[in-house]
Amino acid sequence: MYICSCRALTDRDVGNAIQGGADRPSAVYESCGCKPDCGRCVKRIVSMLKEHNKDAIPA
C-alpha cells in the first residue's frame, strides 16, 4: 500500500526504514533517499513509528 503518493513510498519502504533504525519521519525519508513534499503522509508514518515502538517494548 502506498503511504506517500508524492514520493511513491510504500508501507514496505517505510517499514524497512523503521526496522533499519529510522525513529522519526525525517529519518524515514532520508533512509528512503527522498524528502517530503506535501506532508499528508507524515501522520501515517508517525503512526507506523508508534506501532513499531509499542511492539518493541517488552510486556
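Check the entry above for the structure.
Residues numbered from 1 in each chain as written. Predicted model: local features only at pLDDT ≥ 70, side-chain atom pairs only at ≥ 80, totals over all residues. Heavy atoms only, no water.

## Observations concerning the pattern of salt bridges
Argument step 1. Counted by the stated rule, this structure contains two salt bridges.
Argument step 2. Between Arg24 and Asp23 there is a salt bridge, with its nearest N and O atoms 2.8 Å apart.
Argument step 3. When its relative accessible area of 44% is taken as the criterion, Arg24 is described as partly exposed.
Argument step 4. Here Lys54 makes a salt bridge to Glu51, at a shortest N to O gap of 3.4 Å. One end of the pair is Lys54 and the other is Glu51, both in helix 3 (residues 42-56) and three residues apart, which spans about a single turn. (Salt bridge = Lys/Arg side-chain N within 4 Å of Asp/Glu carboxyl O. Buried < 20%, exposed > 50% of the residue type's maximum accessible area, 1.4 Å probe, protein only. Helix = DSSP H or I, 4+ residues; strand = E, 2+ residues; numbered from the N terminus.)

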